[in-house]
Amino acid sequence: MAIVLPEKLTSRDEEPSEIELTPQEIVSELDKFIIGQKDAKKAVAIALRNRYRRRKLPPDLADEIAPKNILMIGPTGVGKTEISRRLAKLTSSPFLKIEASKFTEVGYVGRDVESMIRDLVRISVDMINSEKIEEVLEKAEQNIEEKILDCLLPPLKNKPEGLDPNDPEKFQSTREKFRIQLREGLLENRIVDIEVKERMSSPFEIFSNAGVEEIGIQIQEIIPGFGGGKTKRRKVKIKEARELLMEEEQKKLVDKEMVNRLAIEKVEHSGIIFLDEVDKVAGRETGQGPEVSREGVQRDLLPIIEGTTVNTRSGLVRTDHILFIGAGAFHVAKPSDLIPELQGRFPIRVELTSLDKKDFIQILTEPRNALIKQYVALLDTEGLNIKFTEDSIDEIAEIAEKVNEMTENIGARRLHTIMEKVMEDISFQAPNIRKKNITIDRKYVQKHLKDIVKDEDLSRFIL
């Protein structure tokens, strides 16, 4: 079976607008990367579209409409995280995946629940900052070019050697010649003397009730020259000077306050938090003594999910309209074991089904990021043309299903382990293989996995 490498995505595929996408289109986009799980895809598509609908309402009514948070129930490796991650990427939304089990209730050492909002804001700031840098890139490059030209040929008032300061036309003509050479890359290795700010070696960290915060950057902004804000002159090649000057130019041209404001707005209206392992904090303890209570963690999570205001480095953030997607296997605990208030904040429940052989075959071949496409592309860089026959794919899927039944069911993640074992020899010997066309069939797969699958103890250990 010949696997065609994915073509370069069009601009429509790369970044569709949230406004353009209907629920059916959202599901269609998710289908390109995730096999099955139609109920979960439908739920997230509706939740996403409702955000767009809410923004079209009058402000007083829009504030009253709470996001329909989702609780995904299903074993590991069936696509819970991937659905959420692809959903955020689809709409360029700030996205954070975090495990509920990392949090501890107030009064114990560990991450407090508000730290997830601060992390989400940092992600949003980086996103907005990147967008604004793209917008000012052309202007920054022009400014850098002028600065480098000033280094090569100082302004007339400095009386450059060999030029009459009273002959501005000749000076300008010489400067333009340098400009042409600069743009053609003829002066990249020429040494220039530039002035740059010293970088701070490492930021300070403090422990507070808000967690660990880096304060070095803020101090440097408040007190120029503190711990690395001073300027110094350096002699560097022009190609290196461009990189050093670019960072400073971008800081000058990008309005930090505007970036923070837009980042907070993006978090409040488009932020998505994927709260994994919710089942690990479900249930109520009956034990006595100073131990971290799972119910205590739930009570700390509640105000964040219900809607509160969190103080972050970039400003105050309201969490009322952030979309929370909870997930867990719920093998031991049940959703009903969560405290009632938290249950009420996850009104949409979807169960994700376990994957079988048919699903594995589709996962191996159909998505844009299919495992087989990945291996074909990787080995193509070594000049190898790898082809998988249909019976080889069938065998890999069958073994994955069998091993999941024999051992712990880890869903599609099992395919990664099996594929790596099948491709191990070829990947290792690839640079020295003379035969460039290699076909992988059922016999090849069985040869590399037969002994492992037969020996159950070895299978548990390796696969």
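Our subject in this report is the structure included herewith.

It is worth spelling out the overall build of the chain at this point. A tally of regular secondary structure across the chain gives 19 helices and 13 strands. Within the chain, the proportion of its 463 residues that are buried is 44%. Excluding contacts between residues fewer than 6 apart, the proportion of contacts in the chain whose partners are at least 24 apart in sequence is 76%. Accessible surface for the chain amounts to roughly 25800 Å². Of this, 50% is attributable to carbon and sulfur atoms.

Here we take up helix 15 (residues 390-406). With 17 residues, helix 15 ought to run about 24 Å at 1.5 Å a step, and its terminal C-alpha atoms sit 24 Å apart, in line with that. For helix 15, the complete set of buried residues consists of S392, I393, E395, I396, A397, I399, A400, V403 and N404.

Once that is clear, we can look at the side chain of K373. Locating K373 in the fold gives a position in helix 14 (residues 371-380). At 8.6 Å, E366 is the nearest oppositely charged side chain to K373, a buried residue that forms no salt bridge. In terms of polar contacts, K373 uses its side chain to reach the backbone carbonyl oxygen of E366, at 3.4 Å.

Across the sheet, which stays open at both edges, the five strands sit in the order 2-7-10-1-11 with parallel pairing between neighbours. If you trace the sheet from one side to the other, it starts and ends with strand 2 (95-99) and strand 11 (348-351), each paired once. For this sheet the average axis-to-axis angle between neighbouring strands, irrespective of direction, equals 20 degrees. Where strand 7 (residues 272-276) and strand 10 (residues 323-328) come together, four bridges link them in parallel fashion. Of the residues in strand 10, the one forming a bridge with F274 is I325. Packing of helix 3 (residues 38-55) onto the sheet brings it into contact with strand 1 (70-73), strand 7, strand 10 and strand 11, and relative to strand 1 it is tilted by some 165 degrees.

Its identity as a non-glycine residue notwithstanding, S92 has a phi of 55 degrees, on the positive side. Residue classification places S92 among the partly exposed positions, given a relative accessible area of 22%. Although it is not a glycine, E277 sits at a positive phi angle of roughly 55 degrees. Mapping E277 onto the fold places it in the loop between strand 7 and helix 11 (294-306). For E277, a relative accessible area of 26% gives the class partly exposed.

Turning our attention to helix 16 (residues 413-422). What helix 16 keeps buried is the set R414, L415, I418, M419 and V422. Buried residues of helix 16, seen end-on, are gathered within an arc of 125 degrees and therefore sit on one face of the element. Next to the buried residues of helix 16 lie helix 13 (357-365), helix 14, strand 12 (385-388), helix 15, helix 17 (424-429) and helix 18 (442-454).

On the surface, a cluster of nonpolar side chains totalling about 290 Å² of accessible area is made up of L458, F461 and I462. The topology assignment puts I462 in helix 19 (residues 456-462). Judged by its relative accessible area of 31%, I462 falls in the partly exposed class.

The rules behind the values
Residues numbered from 1 in each chain as written. Predicted model: local features only at pLDDT ≥ 70, side-chain atom pairs only at ≥ 80, totals over all residues. Heavy atoms only, no water. Helix = DSSP H or I, 4+ residues; strand = E, 2+ residues; numbered from the N terminus. Buried < 20%, exposed > 50% of the residue type's maximum accessible area, 1.4 Å probe, protein only. Contact = heavy atoms within 4.5 Å. Areas by Shrake-Rupley, 256 points an atom, 1.4 Å probe, with all protein chains shown as cover. Expected span 1.5 Å × (residues − 1). Lys, Arg positive; Asp, Glu negative; His and termini not counted. Salt bridge = Lys/Arg side-chain N within 4 Å of Asp/Glu carboxyl O. Polar contact = N/O pair within 3.5 Å; in protein donor to acceptor, adjacent residues only side chain to side chain. Pairing = 2+ DSSP bridges. Axes fitted to C-alpha atoms, helices over the stretch in contact; angles between N-to-C directions. Arc of directions from axis to C-beta. Patch = residues over 30% accessible without salt bridge, like charges linked within 9 Å, V, L, I, M, F, W, Y side chains within 5 Å.

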